[in-house]
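Chain by chain, the residues:
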There are 2 protein chains.
Amino acid sequence: MSVDLLVEKIKEKDNPSVAGLDPKVEYVPEFIKKRAFKEYGKTLKGACEAIWEFNKGLIDALYDVVPSVKPQSAFYEMYGLEGEALLHRTIEYAKEKGLYIILDVKRNDIGSTAEAYSKAYLGTVDIDGEKVSPCGVDCVTVNPYLGTDGILPFVSDCKKYDKAIFALVKTSNPSSGELQDLLNGDRHIYERVAECVNKWNEGTIGKSGYGAVGAVVGATYPEQAAVLRGLMKNSYFLVPGYGAQGGGAKDVKNSFNPDGLGAIVNSSRGIMCAYKKGDWKEEQFAEAARAEAIRMRDELNSVL
Amino acid sequence: MSVDLLVEKIKEKDNPSVAGLDPKVEYVPEFIKKRAFKEYGKTLKGACEAIWEFNKGLIDALYDVVPSVKPQSAFYEMYGLEGEALLHRTIEYAKEKGLYIILDVKRNDIGSTAEAYSKAYLGTVDIDGEKVSPCGVDCVTVNPYLGTDGILPFVSDCKKYDKAIFALVKTSNPSSGELQDLLNGDRHIYERVAECVNKWNEGTIGKSGYGAVGAVVGATYPEQAAVLRGLMKNSYFLVPGYGAQGGGAKDVKNSFNPDGLGAIVNSSRGIMCAYKKGDWKEEQFAEAARAEAIRMRDELNSVL
């Protein structure tokens, strides 16, 4: 099972964290941008060449420290077709380095369309009998607002192609409570979604005890995380909101089980832009990212 | 205002419908596929060349009948990078033909990431001072599960660049009720989302009386549509679920106001695959699509 592979990689690196690759061109060190803009101009192509060099440097510096990377699709879509090509290139490179790829796309739609999304990232597309994998990753994020028939196509491909998904349950942003915290009877909506996640997860549980359907639970809501950890015993948690969004190591503890497993904590800007803090030179961006990833790993392990 | 432009185009064509462009390669007539596969093989490129010819034929046959087309991103992402290029090509061609473009992406994320998505499709991205539009359309669909701070970046770009969005409120799929119909106090979740839509829509109302934030309300739930029509007086409705999903003309009536405005009804497979029904030859796929679009227009107008 794909989630067993994630657990293995987490154990191997002794690191329950994932490096988010959410690259705005503003994050890229000047010396890289200068080179790229000189060759390709201040264009989508120029921006993407700069980001590619940045991403590659980050992956080279991180691949033996972190078990996984999580590219955020929005920051690639933002650079148009060049950005899409950059996303594919980044995914391929991270795969070569043995990293577990969580593609953060938060896709959602009715059944027949969810099927197309699932084929795009988890499965294969059928071209008159030829099966082609358009952009294969290990795992994607999905949004549960459409209910079961928007999720089952992904679960079906998880079983068929040994993949995993994380469904949004309680997100890390300030306004996440507007809908997610509303009460239905004596339960919050995020608890109702958790009940759905358990249902979707049935029949997918691997030898690690976790199933193909994980949950996104923000670091910024530790009390809700404790409740959700109790509710979704067979789901791995993907925990955003650590670092730049304000969540600390103690805040993420509730998303873990007593054995130190059960969650993977994301940091994006904190790692990517580590060189902008302290005494680093911008040429040391990769070294700075590696140091921050190690610091984060040790901080997380110190509270687990 | 972008929504005023949509209303104008609807009036001009006397047609409150939008043609969904959700092209699986299976929908493409054999004679087109044969040609494309001969030249490019049964590859992503071959599939996309076939779909391009199909899409172009459909747009040529429809552009003077329908005010708008709605490409569904999933069916392009499903064909990888070639599919993304096809999506851009289709959008550009439909724009040239004067069609209002609703890109169905159902994007959603935390504020800083929603901003990136909004730049991708509604706004511009800043490359060291150069402003570039990566994939500009008139309007996108968004998912409200993350609340206000995941939506406001889109609203801000709607104001700045004269664009529009449709937020999912009550979707057309069978399981949409699992979360959307849950009661919170005496209101369903879809009604709570409607309250949010009204808040997001403030300050964006155009001369048509409608604002930049519209709502997705499925044709398959006419009773809920009647309630929602009363709740969101300044929101245009995008109505999926007509035709292939089972909604009829009478079912969509509740999404309209008494003046025949206030909603635009989508049909995808019904129009694209019209040639597979009745006595059409596959060479007549475009003619069949046009005939179905005209039939749909007249059917909708007969109940309004």
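Residues numbered from 1 in each chain as written. Chains lettered and ligands numbered in written order. Predicted model: local features only at pLDDT ≥ 70, side-chain atom pairs only at ≥ 80, totals over all residues. Heavy atoms only, no water.

### Focus: the overall build of chain A
As a reminder of what qualifies: Strands are runs of DSSP state E lasting at least two residues, helices are runs of H or I lasting at least four, and both sets are numbered from the N terminus onward. Radius of gyration here is computed from C-alpha atoms only, and the compact-globule reference equals 2.2 Å multiplied by the residue count raised to the power 0.38. Accessibility here uses a 1.4 Å probe with only protein chains present; expressed as a share of the type maximum, an area under 20% marks a residue as buried, one over 50% as exposed, and anything in between as partly exposed. Throughout, a residue-residue contact means that at least one pair of heavy atoms, one from each residue, lies within 4.5 Å. Shrake-Rupley sampling with a 1.4 Å probe provides the accessible areas, and residues are treated as covered by the protein chains on show and by no other component. The sign given to each residue is positive for Lys and Arg and negative for Asp and Glu; His and the chain ends receive no count. By convention, the charge on Lys lies at NZ, on Arg at CZ, on Asp at CG and on Glu at CD.
Within chain A, the regular secondary structure consists of 13 helices and twelve strands. Over its C-alpha trace chain A gives a radius of gyration of 19 Å, about what one expects of a compact globule, namely 19 Å for 304 residues. Overall, the C-alpha framework of chain A stretches about 60 × 55 × 35 Å when taken along its three principal axes. The buried share among the 304 residues of chain A stands at 64%. Long-range contacts, defined here as pairs at least 24 residues apart, represent 72% of the contacts in chain A between residues at least 6 apart. For chain A, the exposed surface amounts to about 10,500 Å²; the carbon and sulfur share of it is 49%. Taking the average place of the 38 positive charges on the side chains of chain A and the average place of its 43 negative ones, the gap between the two points comes to 3 Å.

### What about the side chain of Lys24 of chain A?
Threshold: Whenever a carboxyl oxygen of Asp or Glu lies within 4 Å of a side-chain nitrogen of Lys or Arg, that contact is scored as a salt bridge.
Positionally, Lys24 of chain A belongs in the loop between β1 (17-21) and α2 (30-40). Of the side chains bearing the opposite charge, Glu115 of chain B lies closest to the buried Lys24 of chain A, which forms no salt bridge; the N-O distance is 4.5 Å. Not counting chain neighbours up to four residues away, the residues in contact with Lys24 of chain A comprise Ile51, Phe75, Met78 and Tyr79 of chain A together with Glu115 of chain B.

### Regarding the packing of helix α3 (residues 44-62) of chain A against helix α13 (residues 285-303) of chain A
Residues and elements named next belong to chain A. Stated formally: Simply put, an axis is a line fit to the C-alpha atoms, just over the touching stretch for a helix, and the angle between two N-to-C directions goes from 0 to 180 degrees. Each angle is binned into one of four classes, with values under 35 degrees roughly parallel, values over 145 roughly antiparallel, values of 65 to 115 roughly perpendicular, and all other values oblique. Throughout, a crossing is termed right-handed when the near helix is turned clockwise from the far one, and left-handed when it is turned anticlockwise from it by less than a right angle. All residues other than Ala, Val, Leu, Ile, Met, Phe, Trp, Tyr, Cys, Pro, Asp, Glu, Lys and Arg, Gly among them, are scored as polar; the first ten of these are nonpolar and the last four charged.
Contact pair α3 / α13: the axes reach a minimum separation of 9 Å and the direction vectors enclose 45°. Of the possible angle classes, the one that applies to α3 and α13 is oblique. Pair α3 / α13 crosses with right-handed handedness. Taking contact as the criterion, the partners of Glu53, Phe54, Gly57, Leu58, Ala61 and Leu62 in α3 are, on α13, Phe285, Ala286, Ala289, Arg290 and Ala293. Considered class by class, the residues forming the contact of α3 with α13 number eight nonpolar, one polar and two charged.

### Structural notes on the interface of chain A and chain B
To keep things clear, this is the line we draw: In short, buried area is how much 1.4 Å probe accessible area vanishes from two parts on joining, totalled over both. Here a polar contact is taken to be a pair of N or O atoms separated by no more than 3.5 Å, where protein atoms must pair a possible hydrogen donor with a possible acceptor and residues adjacent in sequence count only if both atoms sit in side chains.
Taken together, the contacts link 74 residues of chain A with 74 residues of chain B. Summed over both sides, the interface between chain A and chain B buries roughly 5,800 Å², with carbon and sulfur atoms accounting for 59% of that surface. Contact with chain B buries area across many residues of chain A, yet Ile127, Tyr145 and Leu179 of chain A alone supply 14% of it, more than any other trio. Among the ionic pairs, Glu77 of chain B bridges to Arg107 of chain A, the shortest N-O distance being 2.9 Å. Taken together, the connections running from chain A to chain B amount to 33 residue pairs in polar contact (both at pLDDT 80 or more). Taken together, the residues of the side of chain A that touches chain B sort by class into 34 nonpolar, 21 polar and 19 charged.

### Some points on the sheet that holds strand β10 (residues 213-217) of chain A
Residues and elements named next belong to chain A. So the rule is basically this: We treat two strands as partners when DSSP finds at least two bridges between them.
Spatially, the eight strands close up into a barrel ordered β1-β2-β3-β6-β7-β10-β11-β12, and their pairing is parallel. Each strand axis lies, on average, 30° off the axis of its neighbour in the sheet, ignoring direction. With four bridges connecting them, β1 and strand β2 (residues 68-71) associate as parallel partners. Looking at the pairing, Val18 lines up with Ser68 of β2. Sitting on the sheet, helix α1 (residues 2-13) touches β2, β3 (100-107), β7 (164-170) and β12 (263-267), and the angle it makes with β3 is about 125°.

### Looking at the relation of the copies chain A and chain B
Selection rule: For this overlay, a least-squares fit was computed on C-alpha atoms, restricted to residues scoring pLDDT of at least 70 in both copies.
Between the two copies, chain A and chain B, the superposition gives an RMSD of 0.0 Å; the rotation angle is 180° and the shift along the axis is 0.0 Å. The relationship between the two copies is best expressed as a two-fold rotation axis. Among all residues of chain A, the one whose C-alpha sits closest to the rotation axis is Asn184 of chain A, at a distance of 2.5 Å. A high fraction, 100%, of the interface residues of chain A reappear at the interface in chain B, so the copies pair face to face through one surface.

### Side note on the packing of α3 of chain A against helix α5 (residues 80-96) of chain A
Helix packing geometry: the angle between the two helix axes and the distance between the axes. Residues and elements named next belong to chain A. Relative orientation of the contacting elements α3 and α5 amounts to 15°, with a least axis distance of 10 Å. Taken as axis vectors, α3 and α5 run roughly parallel relative to one another. Note that α3 runs across α5; the crossing there is right-handed. Across the interface between the two elements, Leu44, Lys45, Cys48, Glu49, Ile51, Trp52, Asn55, Lys56, Ile59 and Asp60 of α3 pack against Glu82, Gly83, Leu86, Arg89, Thr90, Tyr93 and Ala94 of α5. By residue class, the composition of the contact of α3 with α5 is eight nonpolar, three polar and six charged.

### Some thoughts on helix α7 (residues 148-161) of chain A
Residues and elements named next belong to chain A. The condition is simple: To estimate how far a helix should extend, the number of its residues minus one is multiplied by 1.5 Å.
The first and last C-alpha atoms of α7 sit 20 Å apart over 14 residues, in line with the 20 Å expected at 1.5 Å per residue. Among the residues making up α7, those that are buried are Thr148, Gly150, Ile151, Pro153, Phe154, Val155, Asp157 and Cys158. After α7 finishes, the residue Asp162 shows a positive phi value of roughly 60°.

### Quick look at the packing of aromatic side chains
Residues and elements named next belong to chain A. Threshold: Ring pairs shown here join Phe, Tyr and Trp side chains whose ring centres sit within 6.5 Å, with only the six-membered ring taken for Trp; geometry is labelled stacked below 30 degrees between planes, edge-to-face above 60, and tilted in between.
Taken as a whole and assessed by the stated rule, the structure comprises eight aromatic pairs over all chains. Aromatic pair Trp52 and Tyr93: ring centres 5.7 Å apart, planes at 85°, arrangement edge-to-face. Taken together, the residues Trp52 in helix α3 and Tyr93 in helix α5 connect sequence positions 41 residues apart. Judged by its relative accessible area of 12%, Tyr93 is buried.

### Some points on the pairing of strand β6 (residues 139-142) of chain B
Residue and element names in this part refer to chain B. To keep it simple, the criterion reads: Handedness rule for crossovers: strands pointing away from the viewer, path from the first strand over the helix to the second running clockwise, crossover right-handed.
Here β6 shows no split at all, with Cys139 and Thr141 on one side and Val140 and Val142 on the other all buried. As defined by bridge partners, strand β3 (residues 100-107) adjoins β6 across three bridges and the pair is classed as parallel. Residue pairing in the sheet places Arg107 in a bridge with Val142 of β6. For the crossover from β6 across helix α7 (residues 148-161) to strand β7 (residues 164-170), the handedness is right-handed.

Read these as geometric descriptors, not functional statements.
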